[in-house]
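# Fold and contact review
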Amino acid sequence: MIYLDNAATAPMKKGAYEKMLPYLTKYYANPSGAYDFSKQSADAMDKAREQIASLIGADKNEIYFTSGGTESDNWAIKGTADLLQKKGRHIITTRIEHHGILNTCKDLEKRGYKITYLEVDEYGMIKMDRLKKSIRPDTVLISVMTANNEIGTIQPIAEIGLIAKQNGILFHTDAVQACGHIPIDVKKANIDMLSASAHKFGGPKGIGFLYIRQDIALPSFMYGGSQEQGRRAGTGNVASAVAMGEAADICRNNMKQHMDYVTRLREYAIQRILREIPFVRLNGHRTRRLPGNMNFSFQFVDGEALLVMLDMKGICASTGSACSTGSTEPSHVLMSIGLTEDLAHGSLRLTISEENNKKEIDTAIDEIKRSLFKLREMSNEYRHMVTPMSSYGKRMRRQYRY
Ligand SMILES: *Cc1c(COP(=O)(O)O)cnc(C)c1O
C-alpha cells in the first residue's frame, strides 16, 4: 500500500504510540482522583499540556484538551458568539473553511447572527482589503484557517491577527492542517484562539485542543465536572493526551528537517506530474502551501473513477476533502478558487509525509498516468482534443496549460 492521504489522517508516530501504552494499561487512574495513583495520570496530562504549549508558543494553562478539531472549532465560534452577543453579532470567516467552521456559522445564522464569508483568489488566498472592508462596529470575531485542507494554501495569519487586534476583534484560526507541520507562534501572530487535532500530526484520533488566550473568558462548551480548569468537563483522555503531547514534541524537534524533506519530495512529484501529464493544473498556491500538499485537476476524468483505479493498485489518495467523499457536490474550496465543476470533479489530492519516499512517489505517478490514460481513452471530449487540427482542442490546450 502507498498512503498519500496524510491530510485526512496521518499514521501515529511510533514514539507517541509507545508513550501512550502504559496509560492504557498500568496507569489507568482517573486523573481527578485524590490519591497518589491519580497523580501519575494528572502529571502525565500536565506534561502533555506543556509539550503542546511549546509547539505553538503558548502558556500551558492556555491549552484545553478537546475531542478534536471539530469540537475546538465549534467551541471557539459558538463560545465567542455567546460571550460577545451584547457587543455584536457579526462574524467574518472565509468560503474555504472546513465544515467544522462553516456549518457552525450556518447554525449561528439561523439564530440571527450575520456571517461574512470572504472570497479567495485563484490561489486560495483571502484578500486583505476585503477583510478590512468587511469589518463592522458589531464584528466580534474573525476566523480564518491557517492552511487549507484541500489545496494547502497558507494564509497571512500574522497580518490577519494584527488587523483583528487593531480593531478590537477576537481572532480564531483553524490550524488543524498546519499545527505540527509549519511553525506557529500564537503570540507573534496575535492569535486569540487556535484549533488543532492530534490525528493530523501523528497523534491518535479523537483528541485535539483549543488554545484560548489567557484573558479571554470563553464560556464552557461542555458542562459537568471541573476538568480543564472548569471549562471543558469530562474525565481526561489521559493516554491520548500523552500521545498528542509526545507527537507535538516530535514535530517540534524535527520540524525543519521534515519540512525540507517533504517539500523536496512534493516538488519532485509536482514537476513530474506537470511535465509528464497533459491537461493538468496544480490547484492552490505555488509556494505558500503546506509542505505535504498537492492538488491537481485532470481534465476529462472523474476524480472518483481515478480514485477507484488507484485504490485497486493499493494507492490511497483523495478527491476534494475526506469529508466530501460520498457526496457528489463539487468541493466548495475548488469552486471558490474559480474552477469549473468539471475541473473540480477531476481533482486529485495527494498529501505526503516524512514517511513517504521517492520510490513510492514514482510508483504512484506511474499508476496515475496509466489510470488517466485508460479513463481518458473513454472520453469523447479527450479524443476530440488530441485530434491535431481541432480548433477547440487548440483553444482548450492554451486555456489549461499550467
Ligand atoms: C480534519 C480537520 C478538522 C477536523 O478535525 P477532527 O479532529 O477530525 O474533528 C477541522 N479543520 C480542518 C482544517 C481539518 O483538516
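Residues numbered from 1 in each chain as written. Predicted model: local features only at pLDDT ≥ 70, side-chain atom pairs only at ≥ 80, totals over all residues. Heavy atoms only, no water.

### A look at the site of the ligand
Formally: Nearness is defined per residue: one heavy atom within 4 Å of the molecule or strand is enough. The term polar contact refers here to a pair of N or O atoms within 3.5 Å; inside protein, the definition further demands a hydrogen-donor-capable atom paired with an acceptor-capable atom, and it admits residues adjacent in sequence only when both atoms are side-chain atoms. The accessible surface values rely on the Shrake-Rupley method and a 1.4 Å probe; as for residues, cover is taken only from the protein chains in view. By definition, any uninterrupted DSSP run of H or I lasting at least four residues is a helix, any uninterrupted run of E lasting at least two residues is a strand, and each is numbered from the N terminus.
Surveying the vicinity of the ligand reveals 13 residues, the closest of which are Thr70, Asp174, Gln177, Ser197 and Lys200. Note that an oxygen atom of the ligand is positioned 2.5 Å from one of the side-chain N or O atoms of Ser197. His199 is positioned such that a nitrogen or oxygen atom in its side chain is 3.0 Å from an oxygen atom of the ligand. Within the complex, the protein chains bury 87% of what would otherwise be the 390 Å² of accessible surface of the ligand. The biggest single contributor to the shell around the ligand is helix α3 (residues 69-83), with three residues.

### Here's the deal with a negative patch on the surface
Quick reminder of the rule: Only residues whose relative accessible area exceeds 30% and that form no salt bridge enter a patch; like-charged residues are grouped when within 9 Å of one another, and nonpolar side chains (Val, Leu, Ile, Met, Phe, Trp, Tyr) when within 5 Å. Any carboxyl oxygen of Asp or Glu that lies within 4 Å of a side-chain nitrogen of Lys or Arg is treated as forming a salt bridge with it. As used throughout, the charge tally considers Lys and Arg to be positive and Asp and Glu to be negative, leaving His and the chain termini uncounted. Charge placement uses NZ in Lys and CZ in Arg. For Asp and Glu, CG and CD serve respectively.
Residues Glu329, Glu341, Asp342 and Glu381 make up a contiguous surface patch of negative charge. If you trace the backbone, Asp342 turns up in helix α11 (residues 341-345).

### Section: the pattern of salt bridges
Stated precisely, the cut-off is as follows: Throughout, exposure labels follow a simple rule: accessible area from a 1.4 Å probe, protein chains only, divided by the maximum for the residue type, with under 20% read as buried, over 50% as exposed, and the rest as partly exposed.
Taken as a whole, this structure holds 29 salt bridges when the rule is applied. In this structure, Lys369 engages Glu276 in a salt bridge whose closest nitrogen and oxygen atoms are separated by 2.7 Å. With Lys369 in helix α12 (residues 358-377) and Glu276 in helix α8 (residues 238-276), this pair connects stretches of sequence that are 93 residues apart. Looking at Lys369, the relative accessible area reads 30%, which means it is partly exposed. Each of the salt bridges in this network shares a partner with another, and the network as a whole consists of Arg272, Glu276, Lys358, Asp362, Asp366 and Lys369.

### What about the environment of Asn167?
Structurally, Asn167 can be placed in the loop between α6 (157-166) and β6 (170-174). Residue classification places Asn167 among the partly exposed residues on the basis of a relative accessible area of 41%. At 2.7 Å, the side chain of Asn167 forms a polar contact with the backbone oxygen of Ile163.

### Details of the domain arrangement of the chain
Worth spelling out the cut-off: An automatic or database domain assignment supplies the start and end points of every domain. Any two residues whose heavy atoms approach within 4.5 Å at even a single point are treated as in contact. A simple way to read buried area is as the amount of 1.4 Å-probe accessible surface that goes missing from two parts once joined, with both sides added. Note that Gly is not counted as nonpolar here; it falls among the polar residues with everything else outside the nonpolar set of Ala, Val, Leu, Ile, Met, Phe, Trp, Tyr, Cys and Pro and the charged set of Asp, Glu, Lys and Arg.
Here the chain is described as being made up of domain 1 (13-251) and domain 2 (254-400). In this structure, domain 1 and domain 2 have C-alpha centres spaced 30 Å apart. In this assembly, 32 residues from domain 1 lie in contact with 25 residues from domain 2. In total, about 2,300 Å² of surface goes out of reach between domain 1 and domain 2, with carbon and sulfur atoms giving 57% of it. The tally of links between domain 1 and domain 2 comes to one salt bridge. The partner of Glu354 in a salt bridge is Lys13, with the nearest N and O atoms 2.8 Å apart. Seen at the junction of domain 1 and domain 2, the total is 13 residue pairs in polar contact (both at pLDDT 80 or more). When contributions to the side of domain 1 that touches domain 2 are tallied by element, the ones reaching two or more residues are α4 (99-110) and α8. Broken down by class, the residue content of the side of domain 1 that touches domain 2 amounts to 15 nonpolar, 11 polar and six charged.

### With respect to the nonpolar core
Stated formally: Nonpolar core, defined: a set of buried Ala, Val, Leu, Ile, Met, Phe, Trp, Tyr and Cys residues in which side-chain atoms within 4.5 Å join the residues together.
The biggest cluster of nonpolar side chains holds 64 residues, and the ones touching the most others in it are Ile56, Leu194 and Phe209. Per-element tally for this core: the top contributor is α8, with 10 residues. Residue contributions to this core reach at least three from each of two domains, namely domain 1 (13-251) and domain 2 (254-400).

### Overview of the sheet that holds strand β8 (residues 208-212)
Worth spelling out the cut-off: A pair of strands counts as paired when DSSP detects no fewer than two bridges linking them. Axis lines are fitted to C-alpha atoms, over the contacting stretch for helices. Their N-to-C directions set the angle, which ranges from 0 to 180 degrees.
If you walk across this open sheet you meet the seven strands as β2-β8-β7-β6-β5-β3-β4, and the pairing is mixed. The open sheet terminates on both sides in strands that have one partner only, identified here as β2 (63-66) and β4 (114-118). Strand after strand, the sheet turns through a mean of 20° between neighbouring axes, direction not considered. Pairing analysis gives three bridges linking strand β5 (residues 139-143) to β6, with the strands arranged parallel. Bridge assignment links Ile142 to a residue of β6, and that residue is Phe171. Running at roughly 160° to strand β7 (residues 193-197), α3 makes contact with β2, β3 (90-94), β5, β6, β7 and β8 of the sheet. Helix-sheet contacts for α6 involve β5 and β6, and the interaxial angle to β6 is about 155°.

### Examining the packing of α3 against α4
For clarity, the threshold we go by: Angular relationships are summarised with four words: roughly parallel below 35 degrees, roughly antiparallel beyond 145, roughly perpendicular across 65 to 115, and oblique for the angles in between. By the definition used in this description, the sense in which the near helix is turned from the far one sets the handedness, with an anticlockwise turn below a right angle giving left-handed and a clockwise turn giving right-handed.
The geometry of α3 relative to α4 is characterised by a closest axis approach of 9 Å and an angle of 30° between their N-to-C directions. The angle between α3 and α4 falls in the class roughly parallel. Crossing of α3 over α4 shows right-handed handedness. Taken together, the residues of α4 that come into contact with α3 (itself represented by Asp73, Asn74, Ile77, Lys78 and Ala81) are Gly100, Ile101, Thr104, Cys105, Asp107 and Leu108. For the contact of α3 with α4, the per-class residue count stands at five nonpolar, three polar and three charged.

### Thoughts on the packing of aromatic side chains
Heads up, the condition is: Aromatic rings from Phe, Tyr and Trp, with only the six-membered ring used for Trp, were paired whenever their centres fell within 6.5 Å, and each pair was classed as stacked if the ring planes differed by under 30 degrees, edge-to-face if by over 60, and tilted otherwise. Either the NZ atom of lysine or the CZ atom of arginine qualifies as a charge over a ring when it sits within 6 Å of the ring centre and within 35 degrees of the ring normal.
Applying the stated criterion to the full structure yields seven aromatic pairs. Residues Tyr64 and Trp75 carry aromatic rings whose centres are separated by 5.8 Å and whose planes lie at 80° to one another, so their mutual orientation is edge-to-face. With Tyr64 in strand β2 and Trp75 in helix α3, the pair connects residues that are 11 residues apart, well separated along the chain. Each of the two residues, Tyr64 as well as Trp75, counts as buried. Consider the rings of Phe296 and Phe298, whose centres lie 6.1 Å apart with planes at 25°: the pair is stacked. Each of the two residues, Phe296 as well as Phe298, counts as buried. For the cation-ring pair, Arg89 lies above Tyr113, with the distance from its terminal atom to the ring centre recorded as 4.5 Å.

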